[in-house]
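Survey of secondary and tertiary structure
Listed below are the residues making up each chain.
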Amino acid sequence: MKTKKIFDTDAFIKENKTTVTKCALSEREGFEKLYEAVTDSTIFSPEGGGQKSDEGFFDDVRVVDVQEFDGEIIHFLESEIPAGTEVLQKIDLDLRFRRMQNHNAEHLICGLIHKKFGYSNVGFHLSETSDENRNVIRIEAVMDVDGPIDAKDLEEIELQANMAIASNVPVYALLPSAEEAKDIAYRSKLDIEENLRLVVIEGYDICACCAPCLKSSAEMQLVKIIDSMPHRGGMRLTLIAGIDAVKDYIDIHKDNKKIMNILSSKRNECANAVENLYEKSMQLHEENSALKKEITDLNTKEVIKKITENNLKFYVFYAPDFDEIQSRKLINEVALKTKTVMAVMFEKKNSTYRFVVGKNADVTDISLRELAKNMQNKLSSRGGGSEQMIQGSIPANDDLINSFFEEMNK
Ligand SMILES: [Zn+2]
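Note that the structure is a prediction, hence the values are computed from the model and not measured.

Burial analysis of strand β7 (residues 72-77) places six of its six residues in the buried class, the great majority of the element. Side chains E72, I74 and F76 project from β7 onto one buried face, and the interleaved I73, H75 and L77 project onto a second face that is buried too. Pairing analysis gives three bridges linking strand β3 (residues 35-39) to β7, with the strands arranged antiparallel. For E36, the partnering residue across the bridge sits in β7 and is F76. As paired elements, strand β6 (residues 61-69) and β7 share six bridges and run antiparallel to each other. Of the residues in β7, the one forming a bridge with V63 is L77.

This part takes up the packing of helix α4 (residues 242-263) against helix α5 (residues 270-310). Angle between the axes and distance between the axes: these two values describe a pair of packed helices. At a minimum axis separation of 10 Å, α4 and α5 run at an interaxial angle of 55 degrees. With respect to α5, the element α4 is oriented oblique. Both α4 and α5 take part in a crossing whose hand is left-handed. For the pair α4 and α5, the contacting residues are N256, I259, M260 and L263 in the first and C270, A273, V274 and L277 in the second. Looking at side-chain class alone, the contact of α4 with α5 contains seven nonpolar, one polar and no charged residues.

Parameters and conventions
Residues numbered from 1 in each chain as written. Predicted model: local features only at pLDDT ≥ 70, side-chain atom pairs only at ≥ 80, totals over all residues. Heavy atoms only, no water. Buried < 20%, exposed > 50% of the residue type's maximum accessible area, 1.4 Å probe, protein only. Helix = DSSP H or I, 4+ residues; strand = E, 2+ residues; numbered from the N terminus. Pairing = 2+ DSSP bridges. Axes fitted to C-alpha atoms, helices over the stretch in contact; angles between N-to-C directions. Parallel < 35°, antiparallel > 145°, perpendicular 65-115°, else oblique. Left-handed = near helix turned anticlockwise from the far one by under 90°. Contact = heavy atoms within 4.5 Å. Nonpolar A, V, L, I, M, F, W, Y, C, P; charged D, E, K, R; others polar.

Rendered as structure tokens:
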């Protein structure tokens, strides 16, 4: 039997006395420990049309989910309430209100897009983020339309939608007969033959919808399109409305204020200030790279001079401020031009160096894998590599490292 849906015509009733007519252990997959209850009437709207079901209680028993099958509303309860029991249904009206704000704002935006471009709404869902206690902390509406819209037109639509909100026009649901429906021009994703329900935003939109709706456009508070991208030949738009949009504004303002303080910029000039800073940082990055290259080149010349003068087989170079790229570059330069095994101690942090040791492929009488083992034993280094290059980390004891390599040179 069909359940009387109180939310169809009044979405602001948060308590309802009704009688449980059926209650049985659920056989639905994943819901086996729950009870399926049907009542004479209900204020619980089921999941559908891109929106989750209402949350709430039957007396003190939590309602976990609500589904509709053939006009019958099934409430999934955490414990059994025998048929014949009179119960008080209670829903979380604050959550429903936020969902209605976002859902009806989506109707409004779609209606305006349909009027201006003739596009249809081909996809919709409310996207919700919850905290660890299952409280919904943010709601957004994600919608698809079947044609392209540029940024300027989207801004225009957004402005018109907010004017419509401010104009405080009535919002209500109609339940027309099939005959009556013939005379009404409405938007719909599906061809609905029976039980048509239309949500009207007077003067702006009429759309087939099964979800609870607001009473006036002003209740939407404000709507902001926060994301738009091309999607299957049309557009995917993400928007946020109502109290969720106000919260979003508060958060965005906090971020903006932080940037204002750091860059000493004016409220509406943060983007320019960040752009300037970014350009400056890129310039510094380039200058830094050029300086690093110059330092490596200078060091290469000096190292080669020392190695050649002293005819060294092993040479260790300390460069605590070098990064890995600089160190490898130095080794490659030296190894290419000499027959010396070169070690670089770089990136000194917490009394530890990172190191890299390399040699020319022509030097066959020295095994770097053997050297790695020796370094592990005598210098407590870690790491390994190939016959041409080894790398790792090593305690920053310069005296010990120096005497190790001096010994190798004997
Ligand atoms: Zn809808």
